[in-house]
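Below, each chain spelled out in residue letters.
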Amino acid sequence: MAALLTVTALPASADNIAMCVDTGASEAVCTCAAAALAEQVGPEDLARYDAISTAFVEKRSEGLGWVDAWDGAVAAVAERDGTAANTMQRAMNPVGQAHRDSIKACE
């Protein structure tokens, strides 16, 4: 199944792969997980999660820890979308869980 998932087209911004790699998983596992995630969540949620992932990767490159980088990324995307950060966080919790589950399934 992993081989099939790795050839599936990924969203234009798949920084959730880079975010996954930051956890210590291999790029192959993370690519598989990104493809699986794209099959499990709607396009709007995936676009938000990818936007958060992009901001997260930027904040990690600035030296922020995981929690601060995630919170900052969620806040930035929430502001961009005109919503409260805690509302965005609640909306993304199931997507994050699906991503973690996909990572485990692809290992």
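Let us look at the structure shown here. No experiment lies behind these values; they were computed from the predicted model shown. (Residues numbered from 1 in each chain as written. Predicted model: local features only at pLDDT ≥ 70, side-chain atom pairs only at ≥ 80, totals over all residues. Heavy atoms only, no water.)

Some remarks on the state of the cysteines
Move 1: For the structure shown, the criterion picks out two disulfides.
Move 2: Two residues, Cys-20 and Cys-30, share a disulfide whose sulfurs are 2.1 Å apart. On the sign convention where negative means left-handed, the S-S torsion of about -75 degrees between Cys-20 and Cys-30 marks this disulfide as left-handed. Of this pair, Cys-20 sits in helix H2 (residues 15-21) while Cys-30 sits in helix H3 (residues 27-40), placing them ten residues apart in sequence. Take Cys-20 and Cys-30: they sit in the same class, and that class is buried.
Move 3: The disulfide partner of Cys-32 is Cys-106, and the gap between their sulfur atoms is 2.1 Å. (Disulfide = S-S within 2.5 Å. Helix = DSSP H or I, 4+ residues; strand = E, 2+ residues; numbered from the N terminus. Buried < 20%, exposed > 50% of the residue type's maximum accessible area, 1.4 Å probe, protein only.)

So, the nonpolar core
Move 1: Formed by 19 residues in total, the largest nonpolar core has its most connected members in Leu-37, Tyr-49, Ile-52, Trp-70 and Met-88.
Move 2: Of all elements in the fold, only helix H4 (43-61), helix H5 (66-81) and helix H6 (85-106) reach the threshold of two or more residues within this core.
Move 3: What Ile-52 contacts, discounting residues up to four positions off in sequence, is Trp-70, Ala-73, Val-74, Val-77, Met-88 and Met-92.
Move 4: Judged by nonpolar contacts, the second largest core, of ten residues, contains Ile-17, Val-29, Ala-34 and Cys-106. (Core = buried A, V, L, I, M, F, W, Y, C linked by side-chain atoms within 4.5 Å. Contact = heavy atoms within 4.5 Å.)

Brief notes about the packing of H5 against H6
Move 1: At their nearest, the axes of H5 and H6 sit 8 Å apart, and the two run at 110 degrees to each other. With respect to H6, the axis of H5 lies roughly perpendicular. For the pair formed by H5 and H6, the contact residues are Trp-70, Val-74, Ala-75, Val-77, Ala-78 and Asp-81 on the first element and Ala-85, Met-88 and Gln-89 on the second.
Move 2: Within the contact of H5 with H6, the residues separate by chemical class into seven nonpolar, one polar and one charged. (Axes fitted to C-alpha atoms, helices over the stretch in contact; angles between N-to-C directions. Parallel < 35°, antiparallel > 145°, perpendicular 65-115°, else oblique. Nonpolar A, V, L, I, M, F, W, Y, C, P; charged D, E, K, R; others polar.)

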